[in-house]
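In case you want the letters, here they are:
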Amino acid sequence: MKSTILISAAALTLTGAAFDAQARSSSPSEFRGYQTCLDAADKTSNGLVPSRSYYVDKNQEDRTNAVYYINGTRWEDGERAQVRISCETAARGYRLVSSDIESGSFTNQGGRVTVEVAAQ
């Protein structure tokens with residue numbers, strides 16, 4: 001029993017160290033950029049429904065620009081279709097620099113950690 005707990009704790013520690021992404025609340029400027037992206041995407045989509053979470057890639061050189069990756073669905077030919085929205089904002093989310101909507105969805109392909117235990 002103790003070894004199972006120890007292995008689980010080690011796996012969780014390794015998993016946490018392997019991922020660089022954070023699940024947290026948005027700052028006001030991040031949320032403003034998110035809304036700016038959705039407003040642009042909504043103009044070209046019928047019944048856009050974004051997912052509740054999204055990915056943000058902040059430019060480390062210029063902290064005022066951010067690239068957003070948002071999954072969602074919209075109506076296409078009478079059926080719901082998966083779409084992925086990518087856009088860049090500037091001026092702390094107030095200005096849209098670019099926007100793109102494609103079929104499919106974004107996935108987080110973080111590192112994978114496997115733990116193998118030797119048999120006794």
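Presented here is a report on the structure given in the accompanying data block. Remember, predicted model here, so these are calculated numbers, not experimental data.

Reading guide: rules and limits
Residues numbered from 1 in each chain as written. Predicted model: local features only at pLDDT ≥ 70, side-chain atom pairs only at ≥ 80, totals over all residues. Heavy atoms only, no water. Helix = DSSP H or I, 4+ residues; strand = E, 2+ residues; numbered from the N terminus. Buried < 20%, exposed > 50% of the residue type's maximum accessible area, 1.4 Å probe, protein only. Contact = heavy atoms within 4.5 Å. Pairing = 2+ DSSP bridges. Disulfide = S-S within 2.5 Å. Axes fitted to C-alpha atoms, helices over the stretch in contact; angles between N-to-C directions. Expected span 1.5 Å × (residues − 1). Phe/Tyr/Trp six-rings, centres within 6.5 Å; stacked < 30°, edge-to-face > 60°. Lys NZ or Arg CZ within 6 Å of the ring centre and 35° of its normal.

Scanning the chain for helices and strands turns up two helices and four strands. For the chain, the α and β elements follow one another from N to C terminus as α-α-β-β-β-β. The buried share among the 120 residues of the chain stands at 23%. For the chain, contacts bridging at least 24 residues in sequence account for 44% of all contacts bridging at least 6.

A word on the pairing of strand S2 (residues 66-76). Sheet faces and side chains relate simply in a regular strand, where the side chains alternate between the two faces. Where strand S1 (residues 49-58) lies against S2, seven bridges are found, and the strand directions are antiparallel. Bridging across to S2, Asp-57 finds its partner in Val-67. Pairing geometry for S2 and strand S3 (residues 79-90), over 11 bridges, is antiparallel. The partner of Gly-72 across the bridge, within S3, is Val-83. Between the antiparallel neighbours S2 and S3 lie two residues, among them Asp-77 with a positive phi of about 55°.

Under the definition given, this model contains one disulfide. Disulfide pairing is shown between Cys-37 and Cys-87; the S-S distance is 1.6 Å. Between Cys-37 and Cys-87, the S-S torsion sits near 105°, and that sign places the bridge as right-handed. Taken together, the positions of Cys-37 in helix H2 (residues 28-43) and Cys-87 in strand S3 put the pair 50 residues apart, joining distant regions of the chain.

Turning to the sheet that holds strand S4 (residues 95-103), a few remarks are in order. Ordered by their spatial adjacency, four strands build an open sheet running S1-S2-S3-S4, and the pairing between neighbours is antiparallel. Of all strands in the sheet, those with a lone pairing partner are S1 and S4, marking the two edges. Across this sheet, the average inter-strand angle for adjacent strands is 25°, counted without regard to direction. Set on the sheet, H2 makes contact with S1, S2, S3 and S4; between it and S2 the angle comes to about 35°.

When the terminal C-alpha atoms of H2 are compared, their 23 Å separation across 16 residues agrees well with the 22 Å that a helix rising 1.5 Å per residue should span. Within H2, burial applies to Glu-30, Gly-33, Tyr-34, Thr-36, Cys-37, Leu-38, Ala-40 and Ala-41.

Looking now at the packing of aromatic side chains. Under the definition given, this model contains four aromatic pairs. Both rings, one in Tyr-54 and one in Tyr-68, keep their centres 6.0 Å apart while their planes meet at 40°; by these two values the pair is tilted. With Tyr-54 in strand S1 and Tyr-68 in strand S2, this pair connects stretches of sequence that are 14 residues apart. What makes Tyr-54 buried here is its relative accessible area of 18%. Put simply, the rings of Phe-31, Tyr-34, Tyr-54 and Tyr-68 touch in pairs and so form one group of aromatic residues. The positively charged end of Arg-80 is found above the aromatic ring belonging to Trp-75, 4.8 Å away from the centroid.

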